[in-house]
Amino acid sequence: MSYYTDPEDQARSAGIQAGKIFRGAKPGDLPIEQATKFQFIINLKTAKQLGIVVPPTLLAQADEVIE
């Protein structure tokens with residue numbers, strides 16, 4: 001299983017921050033932004049090889065399931 005921030009959302013946020021700096025904002029004055037969008041991926045193939053049973057409710061919540 002993997003739970004991480006969405007790369008597209010990170011790139012968008014970085015672009016917004018860069019735009020603010022190019023418009024004259026001081027980098028030290030910009031607030032630190034926390035990620036708001038996350039991805040949840042389950043590798044079912046590896047789980048089966050390790051003998052781990054993943055509950056169907058957990059599979060339903062995953063953004064991507066690798067079979």
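Placed above this text is the structure.
Residues numbered from 1 in each chain as written. Predicted model: local features only at pLDDT ≥ 70, side-chain atom pairs only at ≥ 80, totals over all residues. Heavy atoms only, no water.

Visitor: I'm lost on the overall build of the chain in this one. Help?
Guide: Looking only at helices and strands, one finds three helices and three strands in the chain. Beginning at the N terminus, the succession of helices and strands in the chain can be written as β-α-β-α-α-β. Principal axes of the C-alpha set define a box for the chain whose edges measure 55 × 15 × 15 Å. Within the chain, contacts between residues separated by at least 24 positions form 47% of all contacts whose residues are at least 6 apart in sequence. (Helix = DSSP H or I, 4+ residues; strand = E, 2+ residues; numbered from the N terminus. Contact = heavy atoms within 4.5 Å.)

Visitor: How do you make sense of the nonpolar core when you look at a structure like this?
Guide: Nonpolar side chains tend to gather and get buried jointly when the protein is soluble and globular. Counting six residues, the largest nonpolar core consists of Phe40, Ile42, Leu44, Ala47, Val54 and Ala62. Residue assignment for this core shows that the elements contributing at least two residues are strand E2 (38–43) and helix H2 (44–49). If we ignore the near neighbours within four places in the chain, the residues touching Phe40 are Met1, Ser2, Tyr3, Leu58, Gln61, Ala62, Asp63 and Glu64. (Core = buried A, V, L, I, M, F, W, Y, C linked by side-chain atoms within 4.5 Å. Buried < 20%, exposed > 50% of the residue type's maximum accessible area, 1.4 Å probe, protein only.)

Visitor: Would you take a moment to explain the environment of Leu30 for this structure?
Guide: Looking at where Leu30 falls in the secondary structure, it is placed in the loop between helix H1 (7–22) and E2. Taking the C-alpha atoms as reference points, Leu30 and Lys20, ten residues apart in sequence, are found 8.4 Å from one another.

Visitor: What am I meant to see in H1 here?
Guide: Think of an α-helix as 3.6 residues a turn; residues three or four steps apart then line up on the same face. Given a rise of 1.5 Å per residue, 16 residues ought to cover 22 Å, and the 22 Å separating the end C-alpha atoms of H1 matches this to within 8%. Listing the buried residues of H1 in full gives Asp9, Gln17 and Gly19. Considered in projection along H1, the buried side chains sweep an arc of 155° and stay on one side of the axis. With respect to the buried face of H1, the exposed residues turned more than 90 degrees away are Glu8, Ala11 and Phe22. Positive backbone phi, approximately 110°, marks Gly24, located one or two places after H1. (Expected span 1.5 Å × (residues − 1). Arc of directions from axis to C-beta.)

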